[in-house]
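Take a look at the letters that make up each chain.
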Amino acid sequence: RYFKTHANKTFSDFLSEIRIGHSCKLLLEQNLDIAQICYESGFQTLSNFNRQFKSVTAYSPLAYRKKYADAGYHP
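Thresholds applied
- Residues numbered from 1 in each chain as written.
- Predicted model: local features only at pLDDT ≥ 70, side-chain atom pairs only at ≥ 80, totals over all residues.
- Heavy atoms only, no water.
- Helix = DSSP H or I, 4+ residues; strand = E, 2+ residues; numbered from the N terminus.
- Buried < 20%, exposed > 50% of the residue type's maximum accessible area, 1.4 Å probe, protein only.
- Salt bridge = Lys/Arg side-chain N within 4 Å of Asp/Glu carboxyl O.
- Phe/Tyr/Trp six-rings, centres within 6.5 Å; stacked < 30°, edge-to-face > 60°.
- Lys NZ or Arg CZ within 6 Å of the ring centre and 35° of its normal.

(A) Main features of the environment of Asp-33. Mapped onto the elements of the fold, Asp-33 is located in the loop between α2 (11-29) and α3 (34-40). Residue classification places Asp-33 among the exposed residues on the basis of a relative accessible area of 52%. For Asp-33 and Leu-62, which are 29 residues apart along the polypeptide, the C-alpha to C-alpha distance reads 9.5 Å.

Written out as structure tokens, the structure is:
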């Protein structure tokens, strides 16, 4: 309750956003499979990773990688 009142989101939502942010970084900087990135980011299942990734970014992990790779993003 304390976390929700100060951050306006649940701890699990906050943790999920941190993990998705890490996976976004890995998608753009590393040449790893989506499944490897899923587990590297702390998710237990690929389907949950895909669902949560899409809910935060509005893209699937593969579409996210293609979008920013096509845009010429190189860190």
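After that view, the rundown keeps rolling.
(B) Spatial organisation of the pattern of salt bridges. Applying the stated criterion to the full structure yields one salt bridge. For the salt bridge of Glu-17 with Lys-9, the shortest nitrogen-to-oxygen distance reads 2.9 Å. A relative accessible area of 37% means that Glu-17 is categorised as partly exposed. Take Lys-9: its relative accessible area is 24%, and that puts it in the partly exposed class.

(C) Summary view of the packing of aromatic side chains. Applying the stated criterion across every chain, the model contains six aromatic pairs. Here Phe-53 and Tyr-64 contribute two aromatic rings whose centre-to-centre distance is 5.4 Å and whose plane-to-plane angle is 85°, an arrangement assigned as edge-to-face. On the criterion of sequence distance, the pair formed by Phe-53 in helix α4 (residues 46-57) and Tyr-64 in helix α5 (residues 61-70) is long-range, its members being 11 residues apart. By the burial criterion, Phe-53 is buried, and Tyr-64 matches it. Between Tyr-64 and Tyr-68, the ring centres sit 4.7 Å apart and the planes meet at 55°, which makes this aromatic pair tilted. Linking Tyr-64 with Tyr-68, this pair stays in helix α5, spanning four residues, or about one helical turn. Taking relative accessible area as the criterion, Tyr-68 reaches 28% and is therefore assigned partly exposed. Following the ring pairs from residue to residue traces out a cluster consisting of Phe-43, Phe-49, Phe-53, Tyr-64 and Tyr-68. Stacked on the ring of Phe-43, the Lys or Arg Arg-19 has its end atom at 5.9 Å from the ring centre.

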